[in-house]
Amino acid sequence: MNTAYLLVGGNIGEREQNLARARQWIEADCGAIIRASSIYETAAWGNTAQAAFLNQVLEIHTPLNAKQLIRHVLKVEKKMGRIREEKYGPRLIDIDILLFNDEIHKTDFLTIPHPEMQNRRFVLEPLAEIAPAVTHPALKKTITELLNDCPDPLPVKKYP
């Protein structure tokens, strides 16, 4: 069984319900959710002229390998109605693989660990809540250390 950490987020529609639906689909299609962080709210990152996001990190145990998992995650997004229109744009749901075991993958289709996670407070806050001592396999720092060093100034607060 493999351990993966997923970031689930969105800023369109019923944000909290969308996260709940995503958790249901992930359990059905990807693997068992072992731990879930609190839900956090933050201003949009990148394209800031949009509604605030809700984000949550999930630890899952999955029989899938990393390449299979990304395909299943993309299917979940599609089932939920995700349409990819603009980079950093508003979205109903977004599911990213942050970490997969202690593996490093870099292809045109898949990059694990997530290449920007160390620069995004909205990723590190919920991840540190459930996996503070997990080590980033490329940077060789714990999630807590990455959070302490994070340059992102956007405030991240527990929701509601």
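What counts as what
Residues numbered from 1 in each chain as written. Predicted model: local features only at pLDDT ≥ 70, side-chain atom pairs only at ≥ 80, totals over all residues. Heavy atoms only, no water. Helix = DSSP H or I, 4+ residues; strand = E, 2+ residues; numbered from the N terminus. Rg over C-alpha atoms; globule rule 2.2 N^0.38 Å. Buried < 20%, exposed > 50% of the residue type's maximum accessible area, 1.4 Å probe, protein only. Contact = heavy atoms within 4.5 Å. Areas by Shrake-Rupley, 256 points an atom, 1.4 Å probe, with all protein chains shown as cover. Lys, Arg positive; Asp, Glu negative; His and termini not counted. Charge placed at Lys NZ, Arg CZ, Asp CG, Glu CD. Polar contact = N/O pair within 3.5 Å; in protein donor to acceptor, adjacent residues only side chain to side chain. Axes fitted to C-alpha atoms, helices over the stretch in contact; angles between N-to-C directions. Parallel < 35°, antiparallel > 145°, perpendicular 65-115°, else oblique. Left-handed = near helix turned anticlockwise from the far one by under 90°. Nonpolar A, V, L, I, M, F, W, Y, C, P; charged D, E, K, R; others polar. Pairing = 2+ DSSP bridges.

**Q** Even after reading the chapter, I still don't get the overall build of the chain, so can you show me in this structure?
**A** Looking only at helices and strands, the chain features four helices and eight strands. Over its C-alpha trace the chain gives a radius of gyration of 14 Å, about what one expects of a compact globule, namely 15 Å for 160 residues. Structurally, the chain occupies a C-alpha span of about 35 × 35 × 30 Å along its principal axes. The burial tally for the chain puts 48% of its 160 residues in the buried class. Here the analysis covers contacts within the chain between residues at least 6 apart in sequence; of these, 70% occur between residues at least 24 apart. In the structure as shown, the chain presents an accessible area of about 8100 Å², 51% of it carried by carbon and sulfur atoms. Here the chain carries 20 positive and 20 negative side-chain charges, and the mean point of each set is 3 Å from the other.

**Q** Is there a simple way to explain unusual backbone geometry in this structure?
**A** As a rule of thumb, non-glycine residues mostly have phi less than zero, and peptide bonds are mostly trans rather than cis. Cis geometry is adopted by the peptide bond preceding Pro113, which originates at Ile112 and carries an omega value of 0 degrees. For the bond from Tyr159 to Pro160, the omega torsion is 0 degrees, close enough to zero to count as cis. With respect to the element layout, Pro160 can be found in the segment after β8 (156-158). Of note, Lys140 is a non-glycine position whose phi angle comes to about 60 degrees, a positive value. Along the chain, the position of Lys140 falls in the loop between α3 (121-130) and α4 (143-149).

**Q** What's the story with the side chain of His136 in this structure? I'm lost.
**A** Along the chain, His136 turns up in the loop between α3 and α4. His136 sits in the buried class, given a relative accessible area of 4%. A distance of 3.0 Å separates a polar atom in the side chain of His136 from the backbone nitrogen of Leu139. Ignoring anything within four residues of it in the chain, the contact list for His136 reads Pro113, Met117, Gln118, Lys141 and Leu146.

**Q** Explain the packing of helix α1 (residues 15-29) against helix α2 (residues 66-79) here, please?
**A** Describing two packed helices takes the angle between their axes plus the distance from one axis to the other. It is the contact of α1 with α2, at a shortest axis distance of 10 Å, that shows an interaxial angle of 140 degrees. Comparing the axis directions of α1 and α2 gives the class oblique. In the packing of α1 onto α2, the handedness of the crossing is right-handed. Contact residues: Arg21, Trp25, Ile26 and Asp29 in α1; His72, Val76 and Lys79 in α2. Residues that form the contact of α1 with α2 fall into these classes: three nonpolar, one polar and three charged.

**Q** Sorry, what's going on with the pairing of strand β4 (residues 53-62) here?
**A** Looking along a regular strand, one sees the side chains alternate between the two faces of the sheet. Burial of β4 is extensive: nine of the ten residues sit out of reach of the surface. In this sheet, β4 lies alongside strand β1 (residues 2-10) in antiparallel orientation, the contact comprising nine bridges. In the sheet register, Leu6 faces β4, and the bridge partner there is Leu58. Of the pairings in the sheet, the one linking strand β2 (residues 32-36) to β4 comprises four bridges and is antiparallel in character. For Ala32, the partnering residue across the bridge sits in β4 and is His61. By the bridge criterion, three bridges tie strand β3 (residues 40-42) to β4 in an arrangement that is antiparallel. Paired with Tyr40 across the strands is Asn55, a residue of β4.

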